[in-house]
Each structure stands twice: as structure tokens, then as C-alpha cells.
Amino acid sequence: MIAKLRQLLNYEMTVAEWISVAVFLGIPYCIVGLLWSSTHTDHLRGMQGADLVVSFLGAIVSWPVLLFSNVCMT
């Protein structure tokens, strides 16, 4: 068991492999964030211009926090 763990921890990855992992994990995260932000737009009313864009992009990035706060507040 220790030998398998040591073998796993000794595995070296190239920069390209790290970028591939980041893209592979980032695409579903952004899709879920886009869906969450598209269905929860109450806080965007009355905003316009750069404020609207920054707030919408912030909601896409921080959807797990917003989901948790939405669940805890109801």
C-alpha cells in the first residue's frame, strides 16, 4: 500500500499535462457557473454597462459560494 502511494506521489507531470488537467476541470466548472448565473439574475436588475458584466462574470466564477449562501438563507 505504501509503495503504491509512493509511486503515485513520485509521478511527474509536464506543463502541458497540467494545462490539460486545468482545462478538463475548468470547462465543466464554467458551464455550471454559466447555467447558475443565467437562472439567478435577480441581483442584476438595475445594473448596466461594466457593472453588469463584472457582476455576471463574478457570479459565474463564484457559483459554489452563491449556491451555498442561497441554500443557507432559505
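**Q** Honestly, the pattern of salt bridges in this entry has me stumped. Any pointers?
**A** Oppositely charged side chains may form a pair once their charged atoms are brought near each other. Going through the model one piece at a time under the given rule, you end up with 1 salt bridge. Between R45 and D42 there is a salt bridge, with the nearest N and O atoms lying 3.5 Å from each other. Take D42: its relative accessible area is 57%, and that puts it in the exposed class.

**Q** Teacher, can you tell me more about helix α2 (residues 15–39) here?
**A** In an α-helix, one turn spans 3.6 residues, which is why side chains three or four residues apart end up on the same side. End to end, α2 covers 36 Å across 25 residues, agreeing with the expected 36 Å (1.5 Å per residue, within 8%). Listed in full, the buried residues belonging to α2 are G33, W36 and S37.

**Q** Just checking my understanding: could you explain the side chain of S37 for this structure?
**A** When you line up the elements, S37 lands in helix α2. Of the residues examined, S37 reaches a relative accessible area of 1% and is grouped as buried. Here S37 is in contact with F56, A59 and I60, once residues within four sequence places are set aside.

The rules behind each value
- Residues numbered from 1 in each chain as written.
- Predicted model: local features only at pLDDT ≥ 70, side-chain atom pairs only at ≥ 80, totals over all residues.
- Heavy atoms only, no water.
- Salt bridge = Lys/Arg side-chain N within 4 Å of Asp/Glu carboxyl O.
- Buried < 20%, exposed > 50% of the residue type's maximum accessible area, 1.4 Å probe, protein only.
- Helix = DSSP H or I, 4+ residues; strand = E, 2+ residues; numbered from the N terminus.
- Expected span 1.5 Å × (residues − 1).
- Contact = heavy atoms within 4.5 Å.

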